[in-house]
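# Observations on the model geometry
The lines below spell out each chain.
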Amino acid sequence: MVEMVRYPPTDTPARGYLARASAGTGPGLLVIQEWWGLVDHIKQVTDRFAGAGFTALAPDFYDRQTTKSRTTPPKLFMALNIDRAAGDLRGAADYLLSLDAATSDRVGVIGFCMGGQLALYAAVVAADRVGAVVDFYGIHPNVPIDPAKVRAPVLGHFGTRDGSIPLPKVRQLAADVRAAGGSFVVHEYEADHAFFNDTRPTVFQADAAKLAWERSLEFLRANL
């Protein structure tokens, strides 16, 4: 069953797309949008996780705004209120954990592009609620990640042809998290940014997406 839901992160109710596990119950998982917003692709990915046994919630960080424009996304992306996003992440985790359909003590968080960075951020600002993080080519210049505060295990998927995310910085962040006592495993693929997004044929890489999906499922099932 899928539905749009409201939940109270702080003083302003947030909105999200909820897909309950196909078996009725399953581990809780937050699915964090790309910079395009809560578009059909993210809803379909959320449905896919529900079909794989997770109770999945995709928060709406743009408050109903979505776009296919090549100019609007960066404006919404850069205008994201980081403090409110932190509240939305904590509120979404609390809401998900309150559901009878969610069986895990902590939530997993998976994000794509902007959402990948927010997934990492969730491990910092909601450490007591997050049990695992999957970061698909995450990026947002205004979202700081303190390696010492990332206590949940992290799995990262990055493309070697991704010009927006320098792989040396990814490797350094992973090393810093490990040096601080955490776990951060990075997989690199011969692919571009957004290689998992099958609605973008110019960058979608089927083999890499399939492998990353399988690795993500294995990781989330092992940690939730």
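Residues numbered from 1 in each chain as written. Predicted model: local features only at pLDDT ≥ 70, side-chain atom pairs only at ≥ 80, totals over all residues. Heavy atoms only, no water.

Turning our attention to the overall build of the protein. Per the secondary structure count, the protein includes six helices and eight strands. For the protein, the sequential pattern of α-helices and β-strands runs β-β-β-α-β-α-α-β-α-β-β-α-β-α. Within the protein, the proportion of its 224 residues that are buried is 55%. (Helix = DSSP H or I, 4+ residues; strand = E, 2+ residues; numbered from the N terminus. Buried < 20%, exposed > 50% of the residue type's maximum accessible area, 1.4 Å probe, protein only.)

Moving on, we come to the layout of surface pockets. Its volume calculated, the second largest pocket comes out at about 310 Å³. In terms of lining residues, the second largest pocket is bounded by 17 residues, among which Gln117, Gly138, Ile165, Lys169 and Leu173 are the most central. Elements that contribute at least two residues to the lining of the second largest pocket include exactly helix H4 (114-125) and helix H5 (167-179). Top element by residues in the lining of the second largest pocket is H5. It accounts for three residues. Looking at the lining of the second largest pocket residue by residue, the class counts come to eleven nonpolar, four polar and two charged. (1 Å grid on protein atoms, 1.4 Å probe; cavity = no way out; pocket = protein on both sides within 12 Å on 5 of 7 lines; lining within 4 Å. Points joined across faces, edges and corners; volume = space filled by probe spheres on them. Nonpolar A, V, L, I, M, F, W, Y, C, P; charged D, E, K, R; others polar.)

Let us now look at the nonpolar core. Here is a general trend for soluble globular proteins: nonpolar side chains tend to be buried in one another's company. Leu30, Leu57, Val109, Leu118, Tyr121, Val130 and Val133 are the most contacted members of the largest nonpolar core, which totals 40 residues. Elements with a contribution of two residues or more to this core: strand S1 (2-7), strand S2 (14-19), strand S3 (28-32), helix H3 (82-98), strand S5 (107-112), H4, strand S6 (130-136) and H5. Non-local contacts of Leu57, meaning those with residues more than four positions away in its chain, are made with Val5, Tyr7, Gly16, Tyr17, Leu18, Leu29, Leu30, Val31, Thr46, Ala92, Tyr95 and Leu96. (Core = buried A, V, L, I, M, F, W, Y, C linked by side-chain atoms within 4.5 Å. Contact = heavy atoms within 4.5 Å.)

A word on the packing of H3 against H4. Viewed as axis vectors pointing N to C, H3 and H4 meet at an angle of 75 degrees, and their least axial separation amounts to 10 Å. The angle between H3 and H4 places the two elements in the roughly perpendicular class. Here Ile82, Ala85, Ala86, Leu89 and Arg90 of H3 lie close against H4, whose contacting residues are Leu118, Tyr121, Ala122 and Val125. Partitioned by chemical class, the residues of the contact of H3 with H4 number eight nonpolar, no polar and one charged. (Axes fitted to C-alpha atoms, helices over the stretch in contact; angles between N-to-C directions. Parallel < 35°, antiparallel > 145°, perpendicular 65-115°, else oblique.)

What follows concerns the pairing of strand S7 (residues 154-159). Counting buried residues in S7 gives six out of six residues, a clear majority hidden from the surface. Side chains Val154, Gly156 and Phe158 of S7 all project onto a buried face; the interleaved residues Leu155, His157 and Gly159 project onto the opposite face, where all are buried too. With four bridges joining them, S6 and S7 adopt parallel strand pairing. Counted as the bridge partner of Val134 is Leu155 from S7. Read as a crossover between parallel neighbours, the route from S7 over H5 to strand S8 (residues 184-189) is right-handed. (Pairing = 2+ DSSP bridges. Right-handed = clockwise from strand over helix to strand, strands pointing away.)

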